[in-house]
Amino acid sequence: MPGGRPRIYTPEEAKRRKAAQRKAWNLKNADRMAAWTKAWQEANRERIKENRKKYMALEENRAAAREADKAWRKANPDKVREMKRLARHRNPEKERAKRAARKARNPETERLAQQRRWVSMNRRNPEKVWARKMLQRAVDAGRAVRQPCSVCGDPKSHGHHANYRRPLDVVWLCSKHHLEEHRRIDAEKASEDLFG
Ligand SMILES: [Zn+2]
Ligand SMILES: [Zn+2]
């Protein structure tokens, strides 16, 4: 400070200044802090697991954890949806088994759920709906001819679009092979999302 005497802080002020400095440092070094935390967690994985086990041994703690989980899920619907999506892609077999079990338990409920998924998927993909409509119109007018499944030859086929902006450019696939193709595309997309 040119000319001025060094400022003297009261203990209260000094404490507040120090806290503010620490906070600013933490903010500036958030990445480094996160890396430290992660490294510590990795080095202490067993210890964390043991502690968690001890904590979860008590019913009241389990109930609190369930509540906290529920609250977090409610506050982060996008993250929950993304987590579920990734889990489905990581383990499609499990997902299929779960769905089949649900269907066996209550076929009507599962049929309605499937219908809701279909409607919401269509709502989220208007270009898909448009392409399907254009294709159907072309088939009805004789401008396109339905072909048997290009994999197994099943005459009951859907037109699969690689690009919805080219509605008549389709590969004909039966429902089984169509589903397989979409699973393959989804898995490819999910791994792209994960690994860039
Ligand atoms: Zn087929
Ligand atoms: Zn398709």
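Keep in mind that this is a model prediction, so the values were computed, not measured.

K.L.:
What is the right way to read the overall build of the protein from this model?
P.N.:
Scanning the protein for helices and strands turns up 9 helices and 2 strands. Overall, the protein shows an N-to-C arrangement of helices and strands of α-α-α-α-α-α-α-α-β-β-α. Here the protein holds 196 residues, and the buried ones make up 4% of them. A separation of at least 24 residues holds for 35% of the contacts in the protein among residues at least 6 apart in sequence.

K.L.:
Which parts of the structure should I look at to understand the confidence of the model for the protein?
P.N.:
When pLDDT is low, close inspection of the predicted coordinates is not appropriate. Across the protein, pLDDT averages 90, with 96% of residues at or above 70. Confidence scores differ between elements of the protein, with helix α9 (residues 175-195) showing the lowest mean pLDDT of 83 and strand β2 (residues 170-173) the highest of 96.

K.L.:
How should helix α2 (residues 30-43) be read in this particular structure?
P.N.:
Spanning 14 residues, α2 covers 20 Å between terminal C-alpha atoms, matching the ideal 20 Å at 1.5 Å per step. Counting buried residues in α2 gives 0 out of 14 residues, a small share hidden from the surface.

K.L.:
Would you mind showing me how to read the environment of D186 here?
P.N.:
Here D186 lies in helix α9. Here D186 falls in the partly exposed class, since 14 other C-beta atoms lie within 10 Å of it. As a C-alpha pair, D186 and E108 span 78 residues in sequence and 27 Å in three-dimensional space.

K.L.:
What is the right way to look at the environment of K128 in this model?
P.N.:
Residue placement: K128 occurs in helix α8 (residues 126-141). The spacing of K128 and H161 is 33 residues in sequence and 8.3 Å in space, taken between C-alpha atoms.

About the thresholds
- Residues numbered from 1 in each chain as written.
- Chains lettered and ligands numbered in written order.
- Predicted model: local features only at pLDDT ≥ 70, side-chain atom pairs only at ≥ 80, totals over all residues.
- Helix = DSSP H or I, 4+ residues; strand = E, 2+ residues; numbered from the N terminus.
- Buried ≥ 20, exposed ≤ 12 C-beta atoms within 10 Å, placed from the backbone.
- Contact = placed C-beta atoms within 7 Å.
- pLDDT = per-residue confidence, 0-100.
- Expected span 1.5 Å × (residues − 1).

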